[in-house]
Amino acid sequence: MTHRTPLLASFAISALLLSGCAAAAGSVGAVPAPSSDISSPADGVPEAESPSAASPSTQGGHAGHHGGGSPSPRTTASGPSEAAKMVCGEQPMDRLTEILDLGQDPHTVDSWADSTFTCTYHLNEGALDISVREAPDKAAALTYFDAMQALAVDAAPIEGLANLGFPAYETADGSAVFQKDNFILHVDASDLPEAMGPDGISRNALAYQLSTTILACWVEHH
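Note that the structure is a prediction, hence the values are computed from the model and not measured.

1. Structural notes on the confidence of the model for the protein chain
No. 1: Residues at a pLDDT of 70 or more form 64% of the protein chain, whose mean pLDDT is 75.
No. 2: Under a pLDDT of 50 for its full length, residues 1–20 has, in the predicted model, 37 contacts with residues more than four places off or in other chains.
No. 3: Considering only residues more than four positions removed or in separate chains, one finds that residues 22–76, a stretch of pLDDT under 50, has 136 contacts.

2. With respect to helix α4 (residues 90–100)
No. 1: All of the buried residues in α4 are Q91, P92, M93, L96, T97, I99 and L100.
No. 2: Positioned one or two residues after α4, D101 has a phi angle of 55 degrees, which is positive.

3. Section: the environment of D129
No. 1: Residue placement: D129 occurs in strand β3 (residues 126–134).
No. 2: Under the relative-accessibility criterion, D129 is labelled partly exposed at 26%.
No. 3: Separated by 60 residues in the primary sequence, D129 and A189 have C-alpha atoms spaced 6.7 Å apart.
No. 4: Once you skip the residues sitting within four places of it in the chain, D129 turns out to touch C119, T120, H186, V187 and D188.
No. 5: In terms of polar contacts, D129 uses its side chain to reach the side chain of T120, at 2.5 Å.

Thresholds applied
Residues numbered from 1 in each chain as written. Predicted model: local features only at pLDDT ≥ 70, side-chain atom pairs only at ≥ 80, totals over all residues. Heavy atoms only, no water. pLDDT = per-residue confidence, 0-100. Contact = heavy atoms within 4.5 Å. Buried < 20%, exposed > 50% of the residue type's maximum accessible area, 1.4 Å probe, protein only. Helix = DSSP H or I, 4+ residues; strand = E, 2+ residues; numbered from the N terminus. Polar contact = N/O pair within 3.5 Å; in protein donor to acceptor, adjacent residues only side chain to side chain.

What follows is the structure in structure tokens.
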């Protein structure tokens, strides 16, 4: 699989610099300088941390999360953090409708299970799942990320500028996964066609661009 190109990396960096999302919604920490190094895998994976899919819920609709206050990266017993909820917010929705030139916002369903907040976007071509696993701390998040990468089929690291300094990988079937702080972000476009929209964007490129849009929401603007 071809790793991310400098052109896509420039798109991602531009998104981080130009997005108004983080300024309006708060932060889960500043983005580090881009690096070509992927953090080394942690040894061992606790059985309790084995990747599992979040169960669907009956909630739906397009919920925006521009709103006030600084979202906390910490998971809570009662539900996901405000930062995690951003995956079902206005910025990824707007980016998705722009890329695919949709006439209206797609219906969404969100769920919270196993410390994972999942937002499913129902498109005519299939379902797009964006999820955030909230680990107790950064070390636990990296352990979980390493387990996901080890279990993923045809996983390839996203390297160089394209990973924005975070551990990241993509799969051949259209998934992009990033680990930032105690979060593991997973954009899963595997249910979609290999090319979509008026420009024929690949599902891998779509997953990558939505990932960087969400990462921009988590960056603190000083």
